[in-house]
Amino acid sequence: RLRVLSGIQPTADSFHLGNYLGALRQWVLLQDTHETYYMVVDLHAITVEQDPKVLRQRTRVSAAQLLALGVDPERSALFVQSHVPEHAQLSWVLECQTGFGEASRMTQFKDKAAKQGTDHASVGLFTYPILQAADILIYQANAVPVGEDQRQHLELSRNLAQRFNRRYGKTFTVPEPHIVKDTAKIFDLQDPTSKMSKSASSPNGLIELLEDPKRSAKKIRSAVTDTGRDIVFDPEEKAGVSNLLTIYSALDGRTVPELEAAYAGKGYGDLKKDLAEVLVEFVTPFQERVQSYLDDVAELDKVLAHGAERARAVAAETLALVYDRVGFLPPG
Ligand code: TYM
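Residues numbered from 1 in each chain as written. Predicted model: local features only at pLDDT ≥ 70, side-chain atom pairs only at ≥ 80, totals over all residues. Heavy atoms only, no water.

(A) Inspection of the pairing of strand 3 (residues 76-80) at higher detail. Among the 5 residues in strand 3, 5 count as buried, and that is most of the element. Of the two faces of strand 3, the one carrying S76, L78 and V80 and the one carrying A77 and F79 are both buried. One ladder, built from 5 bridges, connects strand 2 (residues 35-40) with strand 3; its direction is parallel. When the bridges of strand 3 are listed, Y38 appears paired with L78. (Buried < 20%, exposed > 50% of the residue type's maximum accessible area, 1.4 Å probe, protein only. Helix = DSSP H or I, 4+ residues; strand = E, 2+ residues; numbered from the N terminus. Pairing = 2+ DSSP bridges.)

Pasting the structure below:
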């Protein structure tokens, strides 16, 4: 079985619809066909300031959301990144294979550093994509399910794997991004030309999976649409309606052409009203499942400890090989 690895940051009170449709849905599906490793990336989270208590809580809530979305801890190793210290250890070795200029070209770093100012942006923010490469390469992952915004980081992971293999002999599997085109980028409901993100300029553009479903429904109903009135998928001319069709299709199972046919002659209001209902039907039972996982934190922590143990077995093996390849003396 081919291996899959992916991660998500515990940096918000809730995952959002972009996380789910862009990545997490694929995490769940790939369990049927692949050996899967999924983690909450708390090491990545501290590249920007975090309140320790809040971080700990969000890490558990993240794990509970993954379970509630269908990550099955029997089939997947579900764990917290800091529980597997080999990630940080491999990251150091990979940092020493990465050019300063190469790291400087990462657009997510450039965007975040520009927002924070270079004096405030941490060195961890700079080396973030190299830690991400370590996450992936340490499991010899063949595929990495992510949204479009992670493509450049994936390209760096591939480059580092190939470079290391050339320099030291075949050591790493070169990973492929698993980016599903239709849902690779879910857009902000208020500004449908920028991606849905937790740092959205208006909270009304963002659907959080754990917010009050009534609030989500209202956000859908007040989503920005376009002039005109036909419900057709046309991302260039009708970004708002096209985004709603993408979301609708992903949640409801009907294809975009089927939805276009179903809404021929109807108005934007009908589309939004129905999509709001579909969304509420999805998030309501999801929220109940999240709560039930959070009601038994001891059990949740046990699941994560078990996942970390499984992950460590693989990670330790790769790290030992890497340490040997680079010429470290084996400990006595
Ligand atoms: P993060 O936590 O920002 O996002 C988690 C996943 O959600 C996807 N995503 C989206 N997909 C479609 N439309 C959107 N609007 C949208 N917003 C977010 C992201 O692409 C991502 O797949 N660096 C990663 C975390 C990470 C990781 C890894 C991923 C750390 N190590 C190793 C894969 C492999 C991140 O910040 O994701």
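(B) Here's a closer look at the packing of aromatic side chains. Enumeration according to the criterion identifies 11 aromatic pairs in this entry. Here F282 and F286 contribute two aromatic rings whose centre-to-centre distance is 6.3 Å and whose plane-to-plane angle is 10°, an arrangement assigned as stacked. Separated by 4 residues within a single helix, F282 and F286 lie in helix 12 (residues 268-294), roughly one turn from each other. Taken together, Y20, F282 and F286 form an aromatic cluster joined through their ring pairs. Lying across the ring of Y263, K266 places its NZ or CZ 5.4 Å from the centre. (Phe/Tyr/Trp six-rings, centres within 6.5 Å; stacked < 30°, edge-to-face > 60°. Lys NZ or Arg CZ within 6 Å of the ring centre and 35° of its normal.)

(C) Just the UniProt feature "binding site: L-tryptophan" (unreviewed entry) in the protein, in detail. UniProt's entry tags D135 with the feature "binding site: L-tryptophan" (unreviewed entry), counted in the numbering of this structure. As for its placement among the helices and strands, D135 is situated in helix 7 (residues 123-137). The contact partners of D135, leaving out residues within four places of it in the chain, are L5, M39, V41, H44, Q81 and H87. (UniProt positions renumbered as here; feature names shortened; annotations may be inferred. Contact = heavy atoms within 4.5 Å.)

(D) Structural view of the environment of L245. Relative to the helices and strands, L245 resides in helix 10 (residues 239-252). Relative accessible area serves as the criterion here: at 0%, L245 is assigned to the buried category. As a C-alpha pair, L245 and L271 span 26 residues in sequence and 8.6 Å in three-dimensional space. Apart from the residues within four sequence positions on either side, L245 is in contact with I231, V232, F233, V256, L259, E260 and L271.

(E) Seen up close, helix 9 (residues 213-221). When we look at burial in helix 9, the residues that qualify are P213, S216, A217, K219 and I220. One side of helix 9 carries all its buried residues, which in axial view fall inside an arc of 160°. Facing away from the buried side of helix 9 by over 90 degrees, the exposed positions are K214 and K218. You can read the cap of helix 9 off the contacts: a side-chain oxygen lies 3.0 Å from the backbone nitrogen of K214, and it is on D212. (Arc of directions from axis to C-beta. Polar contact = N/O pair within 3.5 Å; in protein donor to acceptor, adjacent residues only side chain to side chain.)

(F) Layout of the side chain of K219. By the element assignment, K219 lies in helix 9. If sequence neighbours within four positions are ignored, K219 has contacts with L189, P203, N204, L206, I207 and E211.

(G) Local environment of the pairing of strand 1 (residues 3-8). In this structure, strand 1 lies alongside strand 2, joined through 6 bridges in parallel fashion. Across the sheet, L5 pairs through a bridge with Y37, a residue of strand 2. After leaving strand 1, the chain enters helix 1 (residues 17-30) and then returns to the sheet as strand 2, a path that is right-handed. (Right-handed = clockwise from strand over helix to strand, strands pointing away.)

(H) Molecular detail of the environment of L24. Inspection of the secondary structure puts L24 in helix 1. Residues L24 and E260, 236 residues apart in the sequence, show an inter-C-alpha distance of 26 Å. With residues up to four places along the chain from it excluded, the contact list for L24 reads I8, F15, N19, L66 and L69.

(I) Summary view of the confidence of the model for the protein. Looking at the protein as a whole, its pLDDT mean stands at 97, while 100% of the residues score no less than 70. Confidence metrics for the complex model read pTM 0.97 and ipTM 0.99. (pLDDT = per-residue confidence, 0-100.)

(J) Local environment of the packing of helix 7 against helix 8 (residues 151-168). Look at helix 7 against helix 8: their axes get within 9 Å of each other, and the N-to-C directions meet at 65°. The way helix 7 lies across helix 8 gives a crossing that is right-handed. The residues of helix 8 that touch helix 7, namely those facing Y128, P129, I130, Q132, A133, I136 and L137, are H153, L154, L156, S157, L160 and A161. Along the lines of polarity and charge, the residues of the contact of helix 7 with helix 8 split into 10 nonpolar, 3 polar and no charged. (Axes fitted to C-alpha atoms, helices over the stretch in contact; angles between N-to-C directions. Left-handed = near helix turned anticlockwise from the far one by under 90°. Nonpolar A, V, L, I, M, F, W, Y, C, P; charged D, E, K, R; others polar.)

(K) Region of interest: unusual backbone geometry. Phi at Q140 takes a positive value of approximately 55°, unusual for a residue other than glycine. Along the polypeptide, Q140 turns up in the loop between helix 7 and strand 4 (143-145). Taking the relative accessible area as the measure of exposure, Q140 reaches 17% and is therefore buried.

(L) Broad picture of the site of the ligand. Taken together, 27 residues lie around the ligand, and Y128, D135, G147, D149 and M196 are the ones closest in. Within the side chain of D135, an N or O atom sits 2.6 Å from a nitrogen atom of the ligand. At 3.1 Å from a nitrogen atom of the ligand is found a side-chain nitrogen or oxygen belonging to Q150. Protein contact buries 96% of the 720 Å² of open area that the ligand shows by itself. When residues of the shell around the ligand are traced back to their parent elements, those giving at least two are strand 1, helix 1 and helix 7. Looking at the shell around the ligand residue by residue, the class counts come to 11 nonpolar, 12 polar and 4 charged. (Near = heavy atom within 4 Å. Areas by Shrake-Rupley, 256 points an atom, 1.4 Å probe, with all protein chains shown as cover.)

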